[in-house]
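Fold and geometry: a report
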Protein chains: 4
Amino acid sequence: MAKSTVERMLAGFKSFKAMYYEQRPERVTDLMNMGQKPEVLLIACSDSRVDPAILTNAEPGEMFVIRNVANLVPPYEPDENYHGTSSAIEFAVRDLKVRDIVILGHSACGGIQALVEHGEAGKVPERDFIGEWVSMAKCCLEHGPDVDEVSRRSIGNSLQNLMTFPYIQERVAAGDLNLHGWWFGMKEGILWRYDAATDEFVQGDE
Amino acid sequence: MAKSTVERMLAGFKSFKAMYYEQRPERVTDLMNMGQKPEVLLIACSDSRVDPAILTNAEPGEMFVIRNVANLVPPYEPDENYHGTSSAIEFAVRDLKVRDIVILGHSACGGIQALVEHGEAGKVPERDFIGEWVSMAKCCLEHGPDVDEVSRRSIGNSLQNLMTFPYIQERVAAGDLNLHGWWFGMKEGILWRYDAATDEFVQGDE
Amino acid sequence: MAKSTVERMLAGFKSFKAMYYEQRPERVTDLMNMGQKPEVLLIACSDSRVDPAILTNAEPGEMFVIRNVANLVPPYEPDENYHGTSSAIEFAVRDLKVRDIVILGHSACGGIQALVEHGEAGKVPERDFIGEWVSMAKCCLEHGPDVDEVSRRSIGNSLQNLMTFPYIQERVAAGDLNLHGWWFGMKEGILWRYDAATDEFVQGDE
Amino acid sequence: MAKSTVERMLAGFKSFKAMYYEQRPERVTDLMNMGQKPEVLLIACSDSRVDPAILTNAEPGEMFVIRNVANLVPPYEPDENYHGTSSAIEFAVRDLKVRDIVILGHSACGGIQALVEHGEAGKVPERDFIGEWVSMAKCCLEHGPDVDEVSRRSIGNSLQNLMTFPYIQERVAAGDLNLHGWWFGMKEGILWRYDAATDEFVQGDE
């Protein structure tokens, strides 16, 4: 009988434990006992096809990761509301003192598609949250209606939003923090990197 | 000279591309061209040590993933604000129609520690966002001050918050959706699973 | 179009290179530049299903490996002929000074099946070499005709043959070298270990 | 306390079992129950640094593997002696009907070094087997004394020896079997491929 994904995940955990705790404990002992010290904050989409650890062959401890719909960063707006993404950015930059922030977008993004279809309205019919959420990037609709183009432009927008966080602006200015925009073309398997000088994405995996 | 994590990530992407696009393209071709169909929504912490794909040896396409500080789920509160976590839950349940939602917490969580230290106030000194964010689980402080115990109770609280989403309640009642609470003890490498019948966590990787 | 195995191997090499030489060069630099120092000599079957590195999740540098049909060890017989297996044993024990020798057999072994069918004759019809090769273990036919039982007994026989090498006998006696017999039950995925005290195999992966 | 390699291997087996038998049994069930059907015979060195499955990211079932000192192939010489390498070649070509044979050599080979130092004599002092074994390739000493150059030439010699097996000659002539010579430069991490037209090795991993 076919395994469910949950069953696969539990079996996968056994393999993780055998590999990291029994076979090569030296790879995780300090990390698990002494605390994390990641160099990178990665902000990626929740999409199941663009898992950052799979895409970058990461090891435990390397990346502090935010995943939300369409890998969006809101502008700095401190108020009494819940700010999940901003909280994680704050923790990564101020407490963990990461050296790099990478925003990782991708082609055929369902969240960006909702933005293209319903972003002006800021409301997706019969949905409570997603229309408002993706409207955060509605300024990018001027580059529409190609979903992939909007998704690339949205990365630029998120990079600008990151710079509205005062401590990010400060540390970038001081050369202590680097911001990166990456875009994964899923069909061809190509990673593109944002080049601020030209405001364009260039092939970045070579 | 030591590699930076960003350099490692870019080299890791080359290995991902060689493995999935050149060596075994049959594993991702449909997924990348036809769209995702994950069975599981996983809500995990941003902590660099608890990467869900590494912990479960996942393949691309298996899990739709939210990662925020302390793997928190807010209650259902539709309004005009940005709701990153709720948007992703909505998309996973209503559009992708996942069959399982797993909340994955872990020991020694920095976000829960902030909750224990400053949650009553709902404000961490010199921080703009994290105090408010983690205060979402402040009802769990009655089980304090042990950070690990509060983090386990917070998973129970998030499971309850999931049930305030009307479509989740409906699909759970219909037997179409299962909710799971998992807690990863990092030091010993043990995965615990929430047992609703006893309101306790039991060792779940065996 | 489906990839050939050779194409997969070449793509796999690109992934190996990206992972070990570009992403985590510290894992192989010394090894590749300064020479090998494996602790273990592993003698396994050529069978494509029992690849020792896959079965043990090995890293480069950990195991010096002989693979021949049916993981056989001949007795010590120095003469002017070519002795592939004995040469590798000699090099591993005398030059590399391994601490452990593991003989790894497995169920449903084609070489042992040839032994069971044609071993008394020492000749497989229409074949030039394999009959003679597997006849090395023909003393194990007294435990036949079950192929798996003969293959387990053949591991015991190979362990005895190892002890005919004077330097192995010497180092085992001195406690500097340990001999192990392992048998992989492919169908169930169970690893059995030879227990010299009882002359039986016991489940050994736990 | 540091783990021994044998302990690591046993823990690695647990991870293999969890991954292949519990998490993704569909990848091995047929293979383990119905028998192997590899497309490739790979003849590699026993050196712990050049494990073929690690170098090519292989899956169980893909390669039938011979590993001996210096990845040597003797000429076809059917007699009553034990012929480990020839037996495996015979089984792979005649019974398994592989489509490709790959000989995989590498830089800084200890066996080839013994050939360069003692090959004319055909005898390594204080050693019983290795001098005779590597003398199989002594015709390559005319290209000496550079160990890497002799090791590359030895691959050419082994390819010629393969062609002395009548059924190999026949199947190559019929276009049913392809012979390949690969050489792994360990220091730089480069895979070179033998080009019969020019009798030279060219970079082959691109």
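Residues numbered from 1 in each chain as written. Chains lettered and ligands numbered in written order. Predicted model: local features only at pLDDT ≥ 70, side-chain atom pairs only at ≥ 80, totals over all residues. Heavy atoms only, no water.

All names here are of chain D. The geometry of helix α4 (residues 84–95) relative to helix α8 (residues 166–173) is characterised by a closest axis approach of 10 Å and an angle of 40 degrees between their N-to-C directions. Classified by the angle their axes make, α4 and α8 are oblique. You can see that α4 and α8 cross each other, and the crossing is left-handed. Packed against α4, whose contacting residues are Ile89, Glu90, Val93 and Arg94, the element α8 presents Tyr167, Ile168 and Arg171 at the interface. (Axes fitted to C-alpha atoms, helices over the stretch in contact; angles between N-to-C directions. Helix = DSSP H or I, 4+ residues; strand = E, 2+ residues; numbered from the N terminus. Parallel < 35°, antiparallel > 145°, perpendicular 65-115°, else oblique. Left-handed = near helix turned anticlockwise from the far one by under 90°. Contact = heavy atoms within 4.5 Å.)

For these two chain copies, the linking operation is a rotation about an axis paired with a shift along it. Least-squares fitting of chain B to chain A yields an RMSD of 0.0 Å, with the superposition described by an axial translation of 0.0 Å and a rotation of 180 degrees. Taken together, the rotation and translation relating the two chain copies correspond to the operation of a two-fold axis. Judged by C-alpha distance, B:Arg67 is the residue of chain B that lies nearest the rotation axis, at 2.4 Å. (Least-squares fit on C-alpha atoms with pLDDT ≥ 70 in both.)

As a further point, take the interface of chain D and chain C. If you look at the interface, chain D gives 88 residues, while chain C gives 88 residues. Summing both partners gives a buried area of about 7,900 Å² for chain D against chain C, and 62% of it is carried by carbon and sulfur. Note that C:Arg127 is salt-bridged to D:Asp95, the shortest N-O span being 3.1 Å. A total of 13 residues in the side of chain D that touches chain C trace back to one element, the largest contributor, which is helix α1 (residues 5–23) of chain D. Broken down by class, the residue content of the side of chain D that touches chain C amounts to 40 nonpolar, 22 polar and 26 charged. (Buried area = accessible area lost by both parts, 1.4 Å probe. Salt bridge = Lys/Arg side-chain N within 4 Å of Asp/Glu carboxyl O. Nonpolar A, V, L, I, M, F, W, Y, C, P; charged D, E, K, R; others polar.)

Scanning the entire structure with this criterion turns up twelve cavities of 30 Å³ or more. Approximately 1,400 Å³ is the volume found for the largest cavity. Forming the walls of the largest cavity are 43 residues, and the residues nearest its centre are A:Asn57, B:Met19, B:Asn57, C:Asn57 and D:Asn57. Contributions of two or more residues to the lining of the largest cavity are made by α1 (5–23) and α3 (52–56) of chain A, α1 (5–23) and α3 (52–56) of chain B, α1 (5–23) and α3 (52–56) of chain C together with α1 and α3 (52–56) of chain D. For the lining of the largest cavity, the leading source of residues is α1(B), giving five residues. A class-by-class count of the residues in the lining of the largest cavity yields 22 nonpolar, nine polar and twelve charged. If you add up the space inside the second largest cavity, you get close to 200 Å³. (1 Å grid on protein atoms, 1.4 Å probe; cavity = no way out; pocket = protein on both sides within 12 Å on 5 of 7 lines; lining within 4 Å. Points joined across faces, edges and corners; volume = space filled by probe spheres on them.)

Our next topic: the pairing of strand β5 (residues 190–195) of chain C. Residues and elements named next belong to chain C. For strand β4 (residues 178–185) and β5, the ladder comprises four bridges, and the chain directions are antiparallel. For Gly185, the partnering residue across the bridge sits in β5 and is Ile190. If you look at the hairpin formed by β4 and β5, you'll find four residues sitting between the two strands, and Gly189 has a positive phi there, around 70 degrees. In the sheet, β5 pairs with strand β6 (residues 200–203) via four bridges, with the strands oriented antiparallel. (Pairing = 2+ DSSP bridges.)

On to the domain arrangement of chain A, then. Residues and elements named next belong to chain A. Here the domain parsing of chain A yields domain 1 (1–35) and domain 2 (37–203). Taken together, the contact pairs six residues of domain 1 with four residues of domain 2. On inspection of domain 1 and its partner domain 2, the count reaches zero salt bridges. Seen at the junction of domain 1 and domain 2, the total is one residue pair in polar contact (both at pLDDT 80 or more). Along the lines of polarity and charge, the residues of the side of domain 1 that touches domain 2 split into four nonpolar, one polar and one charged. (Domains from an automatic or database assignment. Polar contact = N/O pair within 3.5 Å; in protein donor to acceptor, adjacent residues only side chain to side chain.)

Take helix α8 (residues 166–173) of chain C next. Residues and elements named next belong to chain C. Among the residues of α8, Tyr167, Ile168 and Arg171 are the ones counted as buried. Along the axis of α8, the buried residues cluster in a sector spanning 100 degrees; they form a single face. The exposed set on the far side of α8, more than 90 degrees from its buried face, consists of Glu170 and Ala173. Close packing links the buried residues of α8 with α4 (84–95), β3 (100–106), α7 (147–162) and β4. Phi for Gly175, located one or two positions after α8, is positive at around 80 degrees. (Buried < 20%, exposed > 50% of the residue type's maximum accessible area, 1.4 Å probe, protein only. Arc of directions from axis to C-beta.)

Further remarks concern unusual backbone geometry. Of note, the amide linkage connecting B:Gly144 to B:Pro145 takes the cis form, showing an omega dihedral of 10 degrees. Inspection of the secondary structure assignment puts B:Pro145 in the loop between α6 (130–134) and α7 (147–162). The backbone of A:Ala70 sits at a positive phi, close to 75 degrees, despite the residue not being glycine. Tracing the chain through its elements places A:Ala70 in the loop between β2 (63–68) and α4 (84–95). Classification of A:Ala70 as buried rests on a relative accessible area of 1%.

Using the criterion set out here, one finds 55 aromatic pairs over all chains in the structure. For the ring pair C:Phe129 and D:Phe165, a centre distance of 6.1 Å and an interplane angle of 50 degrees mean the geometry is tilted. Separated into two different chains, C:Phe129 in the loop between α5 (110–118) and α6 (130–134) and D:Phe165 in the loop between α7 (147–162) and α8 make up a pair that spans both. Note on accessibility: C:Phe129 and D:Phe165 belong to one class, buried. Aromatic rings pair up to connect A:Phe13, A:Phe16, A:Tyr20, A:Tyr21 and B:Phe184 into one cluster. (Phe/Tyr/Trp six-rings, centres within 6.5 Å; stacked < 30°, edge-to-face > 60°.)

Residues and elements named next belong to chain A. Within the UniProt annotation, "binding site: Zn(2+)" (unreviewed entry) is assigned to Cys45, Asp47, His106 and Cys109. These annotated residues cover 65 residues of sequence, and their C-alpha atoms lie no more than 9.1 Å from one another, placing them together at a single site. The residue Asp47 is located in the loop between β1 (40–45) and α3 in this model. You can call Asp47 buried: its relative accessible area is 2%. Separated by 2.8 Å, the side chain of Asp47 and the backbone nitrogen of Arg49 make a polar contact. Within the secondary structure layout, His106 lies in strand β3 (residues 100–106). Excluding residues that lie within four positions of it along the chain, His106 makes contacts with Cys45, Asp47, Val50, Asn71, Ser151, Trp183, Phe184 and Met186. (UniProt positions renumbered as here; feature names shortened; annotations may be inferred.)

Residues and elements named next belong to chain A. Topologically, Asp176 is positioned in the loop between α8 (166–173) and β4 (178–185). Judged by relative accessible area, Asp176 falls into the partly exposed class, the value being 43%. Each C-alpha atom, one on Asp176 and one on Cys109, is 32 Å from the other, the two residues being 67 residues apart in sequence. Setting aside anything within four residues of it in sequence, one finds Asp176 in contact with Val98, Arg99 and Arg171.

For the rest of this paragraph, the subject is α1(A). In this model, α1(A) (19 residues) spans 25 Å end to end at C-alpha, consistent with the 27 Å of a helix rising 1.5 Å per residue. Most of α1(A) is tucked away, with 16 of its 19 residues classed as buried. (Expected span 1.5 Å × (residues − 1).)

Further remarks concern the pattern of salt bridges. Should their charged atoms come close, side chains of opposite charge can pair. Following the criterion strictly, the structure yields 45 salt bridges over all chains and no others. Residue D:Glu62 is joined to B:Arg24 by a salt bridge in which the shortest nitrogen-to-oxygen separation is 2.9 Å. With D:Glu62 in the loop between α3 and β2 (63–68) and B:Arg24 in the loop between α1 and α2 (29–34), this pair bridges two chains. Each member of the pair, D:Glu62 as well as B:Arg24, is classed as buried. D:Glu149 serves as the salt-bridge partner of D:Arg152, at 3.1 Å between the closest nitrogen and oxygen. Of this pair, D:Arg152 and D:Glu149 both sit in helix α7, separated by three residues, roughly a single helical turn. Here the salt bridges share partners, and the residues they tie into one network are A:Glu149, A:Arg152, A:Arg153 and A:Asp199.

Aligned on chain C, chain D shows an RMSD of 0.0 Å; the corresponding rotation is 180 degrees and the shift along the axis is 0.0 Å. A share of 100% of the interface residues of chain D reappears at the interface of chain C, consistent with the copies meeting face to face through the same patch.

With that settled, the discussion passes to the interface of chain B and chain A. Taken residue by residue, the interface counts 88 residues in chain B and 88 residues in chain A. When chain B packs against chain A, close to 7,900 Å² is buried across both sides, 62% of that on carbon and sulfur atoms. Where chain B meets chain A, there are 33 residue pairs in polar contact (both at pLDDT 80 or more). Element by element, the count of residues in the side of chain B that touches chain A is highest for α1(B), at 13 residues.

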